[in-house]
Amino acid sequence: MATTSTHSAHPDYLQHHFSDPQQQQEAAKLGMWIFLLTEVLLFGGLFCAYVIYRSWDPQLFINANKELSVPLGALNTIVLITSSVTMALAIRCVQLNKSKQSAAYLIATLAFAAVFLVVKYFEYSHKIHLGQLPGQFYTYTGIEGNNPHIFFSVYFMMTGLHGLHVLGGMGAIGWVLWKTVKRQLHSEYYTPMENVGLYWHLVDMIWIFLFPLLYLIG
Amino acid sequence: MNNQGTFMMPPAESTLAHEVDALYYFIYYVSLFFFVLIVACSLYFVLRFRRKGKQVERTPDISHNTFLEILWTVVPTVILAIIFVWGFRGYLKLTIVPKDALQIKVTGQRWFWSFDYPEGVNSLNDMVVPVGKPIALLMSSQDVIHSFFVPAFRIKQDVLPNRYTQAWFEAKNVGEYDLLCAEFCGTQHSSMLGKVRVVSTQDYNRWLEEAVGSLGAGMPLKDLGEKLYTSKQCFTCHSLDGTKIQGPSFKGRFGSEAVFTDGSKRTVDENYLRESILNPQAKVVAGYLPVMPTYQSLLKEREVDALVEFIKSLKP
Amino acid sequence: MYDKALPQPNYLSEPKGLKSWLLTTDHKRIGLMYFAAIMGAFILGGIFAMLIRIELISPSKVMMGADAYNQVFTLHGAIMIFLFIIPSIPAALGNLILPLMLGAKDVAFPRLNLCSWYIYVFGALFAVYSMFANAVDTGWTFYTPYSSETGTAVISMALAVFILGFSSIFTGLNFIVTIHKLRAPGLTWYKLPLFVWAIYATGILQVMATPVIGITMVLLVLERVAGIGIFDPAMGGDPVLFQHFFWFYSHPAVYIMILPGMGIISELITAFSRKKIFGYKAIAYSSLAIAFISFLVWGHHMFVSGQSRFAAMIFSFLTFFVAVPSAIKVFNWMATLYKGSISFATPMLYALSFLFLFAIGGLTGVFLGALAVDVHLHDTYFVVAHFHYVMMGGTVVALLGGIHYWWPKVFGRMYSEVWGKVCAALVFIGFNVTFLPQFVMGSQGMPRRYYTYPEQYQAMHLFSTIGSWILGVGFLIMTIYLLHSVFKGRIVGKNPWGALTLEWETTSPPSPHNFEATPEVTHGPYDYDKIVVEPT
């Protein structure tokens, strides 16, 4: 039995059970992609519910959809797409060892995420004010058709779960920001930021599906 | 007939039960064949090639055998395809309700079954049906999901709260058969039992007559009429408040003057009402279409009297 | 030929202290912790099973009321499925053995691995809470609208399932990445042991199916807490949609349970017949085929739920399609025995039991896939017997075989062969006495989840209950001799069975880092035609 020893060069970011940084990076990336797959399936259930209820009562969805504010939805779409750009730029900078710029871009991403949530907060509070709430809490009377609360059940479930993912993403961005400031991420090792970036793009992508489905299709 | 059932299956008492059993036993014997084959080969190999002594030996390199592998892929596939087609055909027979079937509305409710007959009769946990006649079941639930299961007829269908489901059967022999709830529905799930009582056509008619008779017996005609107005669905076309639907409203109808499509006129009296119920097309009121079906065979004498009495009572 | 003492340092002895266990990232320790946890769940679920059988000994009340009975069978199902059988082989044996089989130092994400164990324990606490706080009584399937109305602790059990799902996802994710990226030099895909292929296919299922049950359980909880009405017919929702969501996970979950079992059987049959596996690629690819087709057959649980005839036809067709790869595996195992050098050690007895029981479980599945026959058999004891033959006769028997096979590797000590064989026989007999009569009474029309039942079924229920006692005795003796062996068992060497997969090349128990040096693989896992290894 032959022996392969790779202990000669062992940087501190390399965990002991990997034989080299490349293996570690590939493993982390594959893991991230699989995780993103589970996220897609998690939302997949809700997209199915949307499709089924829409096909049962399309008119209801058309009526209820008018209650959503397209300008606010569009604003949030632009905000999230921009944040994806700043996220990508942050990764590019860390690859070039420009830690400070990278950190600045991360802060910008965080700020955009916060703007998204603030806009969402105003949308939600307006709906709560009108009584456009899911299920048994629904009190609004301005929509024609049976069971308009179903639309808002779907709306709050989908945007709520997405909102939670934005929050989680902010936590993750905060974590890589801290690592960047501490100079733990650099051109040799930037896997955590890359993975957080992948996650952030997914959150963005899901919104890009939610926006037309909920706000635009009338 | 085969009233005892077999070791595996209960008595086969519906027209389709034997078809289900035939497929069941086909799969049974095919399975038995493959099971015996697998166990016999394994046992033979295990005993024939058992390790003798402690000595470790090399074994031959048998990594595959194309012929065998194709054989044991293709043969099961073909058999399974046969079973699939057979099963699907049987399923179609079990689920497509014949057109001439007798309709019974089944309602599941924790924890009893309720049966409504077209004649207005209602029965709880005791479904009486005539032998040799297809029975169509239109089913729904008042609360959670139940499942209508009669083992002797080989039928089972979930009963749902938000839509109708259907099943049908035709009983071959007179007798009493268990009706079970097969979808878990709470505390008394295992007591949600009923009986399907299959009787001769004469007995069925007698039972129905008695049930219908007792339906209105002792009830004032006017009240019986009011009940029939709902149970016979009169309300879908005739309102009680003057609203014009498909037919004229009953409100203040009695004693008023009716104008017909041919221009003739007549005062609405008992005989006119009776004629309109039993032979609706004879005189059609102007402004309405001749869409009302005849109730000649659907109402008994006393029930016609009751409806007339009810309409009389609706003053303007 | 064996050493007098266990090799030092080994992963059991170093490092020491409770903290070193609770914070370990060593896959072997995490595997053992999982093993302890799932065995706890198995005992709990087993006690509920015994209570069910005692209650059913007579058609009327024996020891509990109807509500208590409904809670007991629900807890039996929920605990056995979500706390025991889904994590059993992957999380316990997979963690213990998989990295060793790959010649890796650990799994790809050791901290995530530990995290998944804590998530499991956290989820289990919710399940236990549900047990004591007016236990859930919906059946493990949680069908709406019953589950959205009943007054029992549905929320905590649904949250338990949701949380346990994360544990399952993380385990699956970890193994997929480990198998892709951490194989020893020379260990190509076609040199992987078939257990690894099975765990790989299982990982795909865990990762892709589990999120759907997660979101379903969230919707169920919101239905109860906030009345969102998605599944509530009174509010315009659809209860059958819940069934679609539920089975979209729970059918693949059936294969999450059985595929790893099939993987173990491939290891056992080769090791104890000292024979190259027949049709390596057929077995490996049939695992993947089963994994993918299993996503398309969920509707076969709903043939009488009111779905369209067209849907029923498609689901029935695909169901038969998924039966073919399983059949191929059985024939391959059978052919592997031919001209082998077959030993009757305890693990092999379990493997042979598996062939017998899984054949029955698989063949009775054909009855249920046939539409016309399923209408009669659906929700009867026939179904109960069928899935117990697959889940218990298949997965649990394979798990027992795996435990007995790898026990000397994990603990470095051997259990009593005599008692091992006695228990294998007791489990085999007890299992068949318990569940064979259920095929008969199910065909005769006995519905499942019945607290009382018509008297004509009593004789078969009595058989079934007696069988459960034989099983109980078997498991009791097994617990005793296995625990005894951990402390007093005969010390064994690296490779007591003379098997060729990598885990047998390190010490028993292995050192904390698995191998002294990264092994280089030069032969296939089952090259018994070329290589002879003396048992040590």
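Numbers given to residues run from 1 along each chain, matching the order in which its sequence is written. Following the order in which they are written, the chains are lettered starting with A and the ligands numbered starting with 1. Side-chain atom pairs in this predicted model are given and counted only at pLDDT of 80 or more, local residue features only at pLDDT of at least 70, and totals for whole chains, interfaces and linings cover all residues.

## A few points about the overall build of chain C
Only DSSP runs of H or I covering at least 4 residues are called helices, and only runs of E covering at least 2 are called strands; the numbering of each starts at the N terminus. The number of helices and strands found in chain C is 15 helices and 2 strands. In this setup the radius of gyration rests on C-alpha atoms only. A globule is expected at 2.2 Å times the number of residues raised to 0.38. Its C-alpha atoms give chain C a radius of gyration of 23 Å, within 12% of the compact-globule value 24 Å for 536 residues. Residue burial here comes from a neighbour count, namely the number of other C-beta atoms, placed from the backbone, that lie within 10 Å of the residue's own C-beta, with 20 or more meaning buried, 12 or fewer meaning exposed, and in between meaning partly exposed. Sorting the 536 residues of chain C into buried and exposed places 68% on the buried side. Taking the intrachain contacts of chain C between residues at least 6 apart in sequence as the baseline, contacts between residues at least 24 apart amount to 85%. Two residues qualify as a contact pair if the distance between their C-beta atoms, derived from the backbone, is within 7 Å.

## What about the overall build of chain B?
Counting secondary structure elements, chain B contains 6 helices and 12 strands. The C-alpha radius of gyration computed for chain B amounts to 31 Å, which surpasses the reference 20 Å derived for 316 residues by more than 25%, pointing to a less compact arrangement than a globule. Along the three orthogonal principal directions, the C-alpha set of chain B runs to about 110 × 40 × 40 Å. Scored against the burial criterion, the 316 residues of chain B give a buried share of 31%.

## Looking at the interface of chain C and chain B
Where interface size is given, it is often the accessible area lost as the parts come together that is meant. Contact with chain C, which involves 76 residues of that partner, is made by 72 residues of chain B. Elements represented by at least two residues in the side of chain C that touches chain B include exactly helix H3 (66-102), helix H5 (146-149), helix H8 (239-273), helix H9 (280-293), helix H10 (309-337), helix H11 (346-369), helix H12 (371-377) and helix H14 (417-443) of chain C. Here the element with the most residues in the side of chain C that touches chain B is H10(C); it accounts for 15 residues. Here the term charged refers only to Asp, Glu, Lys and Arg, the term nonpolar to Ala, Val, Leu, Ile, Met, Phe, Trp, Tyr, Cys and Pro, and the term polar to all other amino acids, Gly among them. Of the residues belonging to the side of chain C that touches chain B, the class tally is 47 nonpolar, 17 polar and 12 charged.

## Observations regarding the domain arrangement of chain B
As annotated, the domain borders come from an automatic or database domain assignment. Assigned domains within chain B: domain 1 (102-213) and domain 2 (218-313). Put simply, the middle of domain 1 of chain B and the middle of domain 2 of chain B, counted by C-alpha atoms, are 32 Å apart.

## So, the pairing of strand E8 (residues 165-169) of chain B
Residues and elements named next belong to chain B. Here E8 lies mainly inside the structure; 4 of its 5 residues are buried. For two strands to be treated as a pair, DSSP must find no fewer than two bridges joining them. Bridge count between strand E5 (residues 135-141) and E8: 5 bridges; the pairing is antiparallel. Paired with Ile135 across the bridge in E8 is Phe169.

## A look at the arrangement of the chains
Considering every one of the 2 pairs of chains in contact, the largest contact total is recorded for chains B and C. The two units chain A and chain B remain apart, with a minimum C-alpha distance of 13 Å.

## Observations concerning the confidence of the model for chain C
As a note on interpretation, predicted positions should not be read in detail where pLDDT is low. pLDDT measures how confident the predictor is about each residue, on a scale from 0 to 100. In this model, chain C carries a mean pLDDT of 93, and residues with pLDDT of at least 70 account for 99%. Predicted complex metrics record ipTM = 0.93 and pTM = 0.87.

## Structural notes on the nonpolar core
Linking buried Ala, Val, Leu, Ile, Met, Phe, Trp, Tyr and Cys residues through C-beta atoms within 7 Å yields a set, and such a set is a nonpolar core. Counting residues in each nonpolar core, the largest one holds 315 residues, and the members touching the most others are Ile79(C), Ala158(C), Val196(C), Ala351(C) and Leu355(C). A total of 23 residues in this core trace back to one element, the largest contributor, which is H3(C). Leaving out residues up to four positions away in the same chain, Ile79(C) has contacts with Ala41(C), Leu44(C), Gly45(C), Phe48(C), Phe84(C) and Ala127(C). Grouped together as the second largest cluster of nonpolar side chains are 11 residues, Leu228(B), Phe250(B), Ala306(B) and Phe310(B) included.

## Remarks on the interface of chain C and chain A
Listed as interface residues are 34 residues of chain C and, on the opposing side, 31 residues of chain A. If you list the elements that add at least two residues to the side of chain C that touches chain A, you get helix H6 (154-181), helix H7 (194-226) and H8 of chain C. Among the elements that make up the side of chain C that touches chain A, the one with the highest residue count is H7(C) (8 residues). Split by residue class, the side of chain C that touches chain A holds 22 nonpolar, 8 polar and 4 charged.

## Describing unusual backbone geometry
A cis amide bond, omega -10°, links Gln8(C) with the succeeding residue Pro9(C). Structurally, the position occupied by Pro9(C) is in the segment before helix H1 (18-22). A cis amide bond links Glu14(C) to the next residue, Pro15(C), at an omega of -15°. Along the chain, the position of Pro15(C) falls in the segment before H1. Positioned with a positive phi, Asn97(A) is a non-glycine residue whose angle comes to about 65°. As for its position among the elements, Asn97(A) is in the loop between helix H3 (70-95) and helix H4 (99-130).

## Focus: the sheet that holds strand E4 (residues 126-130) of chain B
Two strands in a sheet stick together by hydrogen bonds in their backbones, pointing the same way (parallel) or opposite ways (antiparallel). Residues and elements named next belong to chain B. Taken in spatial order, the 5 strands line up as E4-E10-E9-E6-E7 in an open sheet, and their pairing is mixed. Taken across any chain shown, the strands that pair with only one partner, and hence form the sheet edges, are E4 and strand E7 (155-159). Taking the axes of each pair of neighbouring strands and ignoring which way they run, one obtains an average angle of 20° across the sheet. Convention adopted: a line fitted to C-alpha atoms gives each axis, helices being fitted over their contacting stretch, and angles between N-to-C directions are expressed from 0 to 180 degrees.

## Quick notes on helix H1 (residues 17-48) of chain B
In an α-helix, one turn spans 3.6 residues; hence positions three or four apart end up facing the same way. When the terminal C-alpha atoms of H1(B) are compared, their 45 Å separation across 32 residues agrees well with the 46 Å that a helix rising 1.5 Å per residue should span. If you check which residues of H1(B) are buried, you get Ala17(B), Val20(B), Asp21(B), Leu23(B), Tyr24(B), Ile27(B), Phe34(B), Ile38(B) and Ser42(B). The inward-facing, buried residues of H1(B) contact helix H2 (66-95) of chain B together with H10, H11 and H12 of chain C. By this rule the span expected of a helix is its residue count minus one, scaled by 1.5 Å.

## Structural notes on the packing of helix H2 (residues 27-55) of chain C against helix H15 (residues 458-488) of chain C
All names here are of chain C. At a minimum axis distance of 9 Å, the contact between H2 and H15 shows a crossing angle of 155°. For the element pair H2 / H15, the angle class is roughly antiparallel. The chirality of how H2 crosses H15 is left-handed. On H15, the residues touching Gly46, Ala49, Met50, Arg53 and Ile54 of H2 are Ser464, Thr465, Ser468, Gly472 and Phe475. When its residues are assigned to classes, the contact of H2 with H15 shows 4 nonpolar, 5 polar and 1 charged. An angle counts as roughly parallel when it lies under 35 degrees, as roughly antiparallel when it exceeds 145, as roughly perpendicular when it falls between 65 and 115, and as oblique in every other case. Handedness of a crossing follows from how the near helix is turned relative to the far one, being left-handed for an anticlockwise turn of less than a right angle and right-handed for a clockwise one.

## Brief notes about the environment of Leu185(A)
Residue and element names in this part refer to chain A. Relative to the assigned elements, Leu185 resides in the loop between helix H5 (149-181) and helix H6 (191-216). The exposure class of Leu185 is buried, given the 27 C-beta atoms found within 10 Å. Here the alpha-carbon distance between Leu185 and Leu216, two residues 31 residues apart in the chain, equals 41 Å. If sequence neighbours within four positions are ignored, Leu185 has contacts with Val94, Val176, Lys179, Thr180, Tyr190, Pro192 and Met193.

## A look at the packing of H10(C) against H11(C)
All names here are of chain C. Taken N-terminus to C-terminus, the directions of H10 and H11 make an angle of 160°; their axes are 10 Å apart at the nearest point. When the axis of H10 is compared with that of H11, the two are roughly antiparallel. Judged by the sense of rotation from one axis to the other, the crossing of H10 with H11 is left-handed. Residue-level inspection shows Ser316, Thr319, Phe320, Ala323, Ser326, Val330 and Trp333 of H10 in contact with H11, the latter providing Leu355, Phe358, Ala359, Gly362, Gly365, Val366 and Gly369. Grouping the amino acids of the contact of H10 with H11 by side-chain chemistry returns 8 nonpolar, 6 polar and no charged.

## A closer look at the sheet that holds strand E3 (residues 122-124) of chain B
Residues and elements named next belong to chain B. Read from one edge of the open sheet, 5 strands run E3-E2-E1-E5-E8, paired in mixed fashion. Both edges of this open sheet fall to E3 and E8, since each of them pairs with a single strand only. The average undirected angle you get between the axes of adjacent strands in this sheet is 25°.

## Considering H3(A)
Residue and element names in this part refer to chain A. With 26 residues, H3 extends 38 Å between its outermost C-alpha atoms, agreeing within 8% with the 38 Å of an ideal straight helix rising 1.5 Å per residue. Turning to H3, its buried residues are Gly73, Asn76, Val79, Leu80, Ser83, Ser84, Met87, Ala90, Ile91, Cys93 and Val94. Against H4, H5 and H6 lie the buried residues of H3. Count one or two residues on from H3 and you reach Asn97, which has phi positive near 65°.

## Considering the environment of Asp379(C)
Structurally, Asp379(C) is set in the loop between H12 and helix H13 (381-411). Apart from the residues within four sequence positions on either side, Asp379(C) is in contact with Ser147(B), Ala182(B), Glu183(B), Pro447(C) and Arg448(C).

## Comments concerning the environment of Phe126(C)
Residue and element names in this part refer to chain C. Counting through the fold element by element, Phe126 comes out in helix H4 (residues 110-132). For Phe126, a count of 20 C-beta atoms within 10 Å translates into the label buried. Sequence separation of Phe126 and Ala158 is 32 residues, and the distance between their C-alpha atoms is 8.7 Å. Here Phe126 is in contact with Ser156, Leu159, Ala160 and Ile163, once residues within four sequence places are set aside.

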